[in-house]
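Below, each chain spelled out in residue letters.
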Amino acid sequence: MQLYLRQFAAALFILAFAACTKTETIDPAPEAQNRIITYSIVNVQGDPISGAVNDRDSSITIYIPFYRQLVVLEPEITVPEGATVTPVSGTLIEDLLDVFRNGRDIKYTVTAKDGSKRTYTLRIVVQQPDLVLDELSTATDIAEFTIDTRLAYDAIHIKLTGSGFMEENELMKMVLVDETGRELSPIGLSTTNVGNIHLIIGSITKFTDPQEPVLQELKTGLYKIKVYSYGKNATTKFPVKINKL
Amino acid sequence: MYRKLLWCLLLTAAAACSKDDAPAKPEEPGGDGNTVKTGVYRVVNLAADTTATSGGNAVSLYYSLEENKVIPESQRQTGNWDIVFYGIYNSSVYPNNGAALGSPGYGGPGRAVISVVVNRKFDAQYYDTLQYKPLQLPIDRNLFATAFESVKTVEEDKFPFITRDIGLDHFQSGFDGWGHYDFYGLLFPGDPKKSHVVYTMPRVMVIKTHKGHYAKLMMENIYKDNPANPTRDNKPGFITFRYAIQMDGSKNLDIQ
Amino acid sequence: MKPSVIEFTAHEEQRGSIQPLKRQIERIKPGVKEYKAFGNEQRGSIKFPGILWVLLIFFTACSKDKDAAPTTDTFSTTVKDLEGDTGASMGDGVDGREKRPFHSLLYQFSTGRTRFIKTKDDSLQYLKNTDWDIAFTREYNSYVVINNGTIAGTPGFGGPGTGRMIIMEKPYDQVNEAPADESFTTNGVPGVGWDNGNGYGWYFYSLNNHICVPVKNRTFILKTATGKFAKLALLNIYKGNPPVVTDLFWPAPYLSFKFFVQEDGSRNLKTN
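Residue positions are given per chain, counted from 1 along the sequence in the order it is written. Chain labels run from A onward and ligand labels from 1 onward, assigned in the order the entries are written. The model is predicted, so local features are restricted to residues of pLDDT at least 70 and side-chain atom pairs to those at 80 or more, both for listing and for counting; the totals for chains, interfaces and linings are taken over all residues. Side-chain descriptors were evaluated using all non-hydrogen atoms of the structure, hydrogens and water having been removed beforehand.

> Is there a simple way to think about the nonpolar core in this case?
Across soluble globular proteins, nonpolar side chains have a tendency to be buried as a group. Counting residues in hydrophobic clusters, the biggest one holds 97 residues, and the most contacted among them are Leu65(B), Phe85(B), Phe241(B), Ile134(C), Phe136(C) and Phe257(C). A run of DSSP states H or I qualifies as a helix once it reaches four residues; a run of E qualifies as a strand once it reaches two. Both are numbered from the N-terminal end. Considering every element that reaches this core, the biggest residue donor is strand β12 (residues 214–223) of chain B, with 7 residues. In this structure, Ile77(A), Val110(A), Val227(A) and Ala234(A) belong to the second largest nonpolar core, which totals 58 residues. Within this scheme, the nonpolar core is defined by two criteria: the residues are buried Ala, Val, Leu, Ile, Met, Phe, Trp, Tyr or Cys, and they are joined through side-chain atoms within 4.5 Å. A 1.4 Å probe rolled over the protein chains alone gives each residue an accessible area, and that area as a share of the maximum for its type sets the label: buried under 20%, exposed over 50%, partly exposed in between.

> Would you mind going over the pairing of strand β16 (residues 232–235) of chain A with me for this structure?
For a regular strand, the rule is simple: side chains alternate between the two faces of the sheet. Residue and element names in this part refer to chain A. For two strands to count as paired, DSSP must find a minimum of two bridges between them. Note that strand β15 (residues 221–229) and β16 share 4 bridges and pair antiparallel. Paired with Lys226 across the strands is Thr235, a residue of β16. Counting the residues that bridge the hairpin from β15 to β16 gives 2 residues, and of these Tyr230 lies at a positive phi of roughly 50°.

> Before we go on, may I ask you to explain the environment of Gly188(A) in this structure?
All names here are of chain A. With respect to the secondary-structure elements, Gly188 resides in strand β13 (residues 188–189). When its relative accessible area of 25% is taken as the criterion, Gly188 is described as partly exposed. As a C-alpha pair, Gly188 and Ile201 span 13 residues in sequence and 8.5 Å in three-dimensional space. Excluding residues within four positions of it along the chain, Gly188 makes contact with Ile201, Gly202 and Ser203. Only heavy atoms matter for contacts: two residues are in contact if any of them lie within 4.5 Å across the pair.

> I'm lost on the side chain of Asp148(A) in this one. Help?
Residues and elements named next belong to chain A. Note that Asp148 resides in the loop between β10 (144–147) and β11 (154–163). Among the residues examined, Asp148 registers a relative accessible area of 12% and is labelled buried. At 2.9 Å, the side chain of Asp148 forms a polar contact with the side chain of Arg150. Those residues within four positions of Asp148 in sequence are excluded, and the remaining contacts are Asp154, Lys206 and Leu245. We call two N or O atoms a polar contact when they sit within 3.5 Å, provided that within protein one can donate a hydrogen and the other can accept it, with sequence-adjacent residues counted only if both atoms are side-chain atoms.

> What's the story with empty space enclosed by the protein in this structure? I'm lost.
By rolling a water-sized probe across the atoms, one finds the places where empty space is left. The distinction between a cavity and a pocket rests on a 1 Å grid over the protein atoms alone: a 1.4 Å probe fits inside a cavity but cannot get out, while a pocket stays open yet meets protein on both sides within 12 Å along at least five of seven lines, and a residue with an atom within 4 Å of a point counts as lining. Grid points are joined across faces, edges and corners, and a volume is the space filled by probe spheres set on the points. Inspection of the entire model under this criterion finds 9 cavities of 30 Å³ or more. A volume near 180 Å³ is recorded for the largest cavity. Along its surface, the largest cavity is lined by 16 residues, and Asp165(B), Leu168(B), Ser173(B), Asn196(C) and Asn198(C) are the ones closest to its centre. Asp, Glu, Lys and Arg are counted as charged, while Ala, Val, Leu, Ile, Met, Phe, Trp, Tyr, Cys and Pro are counted as nonpolar; the rest, among them Gly, fall into the polar class. In terms of residue class, the lining of the largest cavity is made up of 6 nonpolar, 7 polar and 3 charged. For the second largest cavity, the calculated volume is near 120 Å³. Counting only elements with at least two residues in the lining of the second largest cavity, the list comes to α3 (141–150), β10 (197–200) and β12 of chain B. Considering each element in turn, the lining of the second largest cavity owes the most residues, 3 residues, to β10(B). A class-by-class count of the residues in the lining of the second largest cavity yields 9 nonpolar, 2 polar and 2 charged.

> How should I be thinking about the environment of Thr78(A) in this particular structure?
Residue and element names in this part refer to chain A. Mapped onto the secondary structure, Thr78 falls in strand β5 (residues 75–78). Once the C-alpha coordinates of Thr78 and Ile37 are considered, the two residues, 41 residues apart in sequence, prove to be 5.4 Å apart. Here the side chain of Thr78 touches Thr38 through a polar contact of 2.5 Å, side chain to side chain.

> For this particular structure, what's the right way to read the sheet that holds strand β4 (residues 83–86) of chain B?
Within a sheet, each strand pairs with its neighbour through backbone hydrogen bonds, oriented either parallel or antiparallel. All names here are of chain B. If you trace the 4 strands from one edge of the open sheet to the other, you get β3-β2-β4-β5, paired in antiparallel fashion. Sheet topology places β3 (69–71) and β5 (92–95) at the edges, where each strand pairs with a single neighbour. Adjacent strand axes in the sheet meet at a mean angle of 35°, parallel and antiparallel pairs treated alike. Examined bridge by bridge, strand β2 (residues 61–64) and β4 share 3 bridges and lie antiparallel to one another. Among the inter-strand pairings, Tyr63 is bridged to a residue of β4, identified as Ile83. Angles here are taken between N-to-C directions and fall from 0 to 180 degrees, while the axes themselves are lines fitted to C-alpha atoms, restricted in helices to the stretch in contact.

> Where do I start with the sheet that holds strand β6 (residues 113–117) of chain B in this structure?
Residue and element names in this part refer to chain B. In spatial order, the strands read β1-β13-β12-β11-β6; together these 5 strands make up an open sheet with antiparallel pairing. The open sheet terminates on both sides in strands that have one partner only, identified here as β1 (39–46) and β6. Neighbour-to-neighbour, the strand axes of this sheet turn through a mean angle of 25°, independent of strand direction. Most of the contacts of α3 go to β12, to which it runs at about 165°, and overall it touches β1, β11 (204–208), β12 and β13 (236–246).

> Any chance you could explain the pattern of salt bridges here in plain terms?
Close approach of charged atoms allows side chains with opposite charge to pair. The rule for a salt bridge is simple: a side-chain nitrogen of Lys or Arg has to be within 4 Å of a carboxyl oxygen of Asp or Glu. Counted under the stated rule, the structure contains 26 salt bridges over all chains. Between Lys152(B) and Asp254(B) there is a salt bridge, with its nearest N and O atoms 3.9 Å apart. Placement of Lys152(B) in the loop between α3 and β9 (179–182) and of Asp254(B) in the segment after β13 is noted, with a sequence separation of 102 residues between them. Where Glu98(C) meets Arg100(C), a salt bridge forms, and the shortest distance between an N and an O atom there is 3.3 Å. Each of Arg120(B), Asp123(B), Asp169(B), Asp176(B) and Arg203(B) takes part in salt bridges that share partners, so that together they form one network.

> Before we go on, may I ask you to explain the packing of aromatic side chains in this structure?
Where two aromatic rings form a pair, the distance of their centres and the angle of their planes describe that pair. Two aromatic rings, drawn from Phe, Tyr or Trp (for Trp, its six-membered ring), form a pair once their centres lie within 6.5 Å of each other, and the interplanar angle then sorts them: stacked below 30 degrees, edge-to-face above 60, tilted otherwise. With the rule as written, the count across this model stands at 26 aromatic pairs over all chains. Judged by centre distance (5.4 Å) and plane angle (90°), the rings of Tyr63(B) and Phe241(B) are edge-to-face. Here Phe241(B) lies in strand β13 and Tyr63(B) lies in strand β2, a separation of 178 residues in the sequence. Just as Tyr63(B) is buried, Phe241(B) falls in that class too. Each ring, one from Tyr107(C) and one from Phe259(C), has its centre 5.9 Å from the other, and the planes form 75°; the classification is edge-to-face. A residue pair is termed long-range when its members are at least 10 positions apart, and Tyr107(C) in strand β5 (residues 104–107) and Phe259(C) in strand β15 (residues 254–261) qualify at 152 residues. A single burial state applies to Tyr107(C) and to Phe259(C), both of which are buried. Each residue in the set Tyr41(B), Tyr63(B), Phe85(B), Phe241(B) and Tyr243(B) is aromatic and connected to the rest through ring pairs, giving one cluster. A ring has a charge above it when a Lys NZ or an Arg CZ is no more than 6 Å from the ring centre and no more than 35 degrees off the ring normal. For the cation-ring pair, Arg203(B) lies above Tyr127(B), with the distance from its terminal atom to the ring centre recorded as 5.1 Å.

> How should the pairing of strand β14 (residues 199–206) of chain A be read in this particular structure?
Residues and elements named next belong to chain A. Within β14, 8 of the 8 residues are buried, which leaves it mostly tucked inside the rest of the structure. Every second residue of β14 is oriented toward a common face, with Leu199, Ile201, Ser203 and Thr205 on one face and Ile200, Gly202, Ile204 and Lys206 on the other, all of them buried. One ladder, built from 8 bridges, connects β11 with β14; its direction is antiparallel. Looking at the pairing, Ala155 lines up with Thr205 of β14.

> Hey, could you run me through the environment of Asn147(C) in this one?
All names here are of chain C. Inspection of the secondary structure assignment puts Asn147 in the loop between β8 (143–146) and β9 (164–168). Owing to a relative accessible area of 0%, Asn147 belongs among the buried residues under this scheme. Spatially, the C-alpha atom of Asn147 lies 9.5 Å from that of Gly191, the residues being 44 residues apart in sequence. The residues touching Asn147, leaving out its near neighbours within four places in the chain, are Asn129, Thr130, Trp132, Asp133, Gly156, Gly161, Thr162, Gly163 and Ala225. Side-chain polar atoms of Asn147 contact the backbone oxygen of Asn129, separated by 2.8 Å.

> Would you mind going over the side chain of Thr78(B) with me for this structure?
Within the element layout of this structure, Thr78(B) appears in the loop between β3 and β4. At 3.2 Å, the side chain of Thr78(B) and the backbone nitrogen of Asn80(B) are in polar contact. Non-local contacts of Thr78(B), meaning those with residues more than four positions away in its chain, are made with Asn43(A), Val72(A), Glu74(A), Leu92(A), Asn96(B) and Pro109(B).

Here it is in structure tokens:
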């Protein structure tokens, strides 16, 4: 009996609540008119790459898979009616490799119909496997290379195994890093192993004049080897010794 | 509990409202809308894009047939160009196709394709059709105009479109091309200045641009100032060509 | 390491969705794109400078791919250092060589017999038959063609040969079967030489470092002159098939290649 009463009371209560309570409709906060609605990368085959727009921290995150080999991005941006965005939709983000290597501040400012502004920051996240370089030297055993510029023709070949190299040489860069941390000009990459993601071979060649920049900058000394592979980079822990005669 | 309700309402409202609050149409991506009209265009001494930043790479010449202008290499993975003069001495004419491995456009959105029109009967006027080399050089320039005008439509069945390049005619390959590379100078025996020279042939290429318009294109010269009888002293990398583009969407290439 | 499929879920504050990544199986396709003008290269000509063809740095990767299992191939024939026309050169002033077109070199799979075509008489006498299956022709004997009587511009033109060639982007040991006849017609090529990046060739040549580099993991499926199925891997153009060349005048052309002919007439090309 008590149970029945309780349930009955509950039912009455619910009905009463539903029927008699004044329903106050709370209007949702109006949607910001200075927001980005969508952000996609459209210069691809097939479906565009959708970005994630985050209104809380005013950021846009796009995920770029390495195997698409993209070096430029063409964003398509939608904003509310009456609003404008700068840079405008379609403005290219050029030289993506430079963005990866040196960073770049990419921001979008949306101006609403009413003049209010909001600025979004773009985050590009590259999805690619780790870049790992196998060492040529150890702590006690330094690998040595010699190039003799007195000869008509000489060359040294720096052969690095590891993983995470790109299939296209254009997406990579190999440099020597001297003892002060300075990077020399890039080393030419061999086409022998193009397509091999476990091997990269760089060659410094003495042949005709003028000599290539890295050879002009080179002095006998210790150098670490740094590889830029699309969105990642890695440096050998131990240096090699290069003798320049 | 009240807060949870508020969030629920907000989200419902958001879902409901987004239908009414239609986003503005995105502004046109890419070009500034300066496409050319249907017609014939000639480009003379097209040289490298001097604003290129990577000095080590080949001097590739990316070109928009739609807008009749050079496109910087930095835009190679976009739909802004239609063909590129690429590779060793720009001898490969690739269409902008993002699905073609080995193409400069790979990875981008490009949908352009290319073909070369070959008429062996016409060729026989200047060309040994069994040995694949010109009978004599230079080739009569009148033949170029005739060949260009004679392509009046797109014969896709006869000359299927491809996504790879049109290059040097039967040079280390079985493919018809746009130019003959006289490697040994066999056509001018005894003249050392005539070896390793590329002679354009009166061959017409048909291109479907990235935007889907049909065009015909003929190479005239790869040497500076379009010499009639080039030698090793002439400077390559300055491309002269002519093309006609049909902007009405049809395959009619009979354009004056 | 292949990319894995990664799925992201949208949080409530984030509008727009992140699409799940599709795993893209890519043919490993090397693309040679660098053709830097080298030093004081002569203006005005396209050339594969004679001297520079000879002076080469040839560099192969580690001979074994990390993932490849050792093969037990007792069926294939490997030919090393088949001497091409070493009397010819492409440039002036190369010791002991004449600047002239290279003589074509014919090769027959079943006997290993070779023949140079030096004169017009040789052409008339020795080409229009089925006694040869492939020919190493043109510059540095580097353009490798099949024996087919219907393809103009090839040495076998006008003869009885029914050879064909298609390009397969697969390592030699993984090519187990020849495709159907339609493939040979629609995808067939008369021969392969310099790959300018478009996939139709057996070696790259880069003006950047003057290396003639065989394309890895590419096999050629052939029909021999008499129509038997075969597979062919073209390995090297330098004497001794070396991993490193440091001598300025490293000898070439010395062709190294590997092949297998299915004598029973079937399409079976399995060798391990």
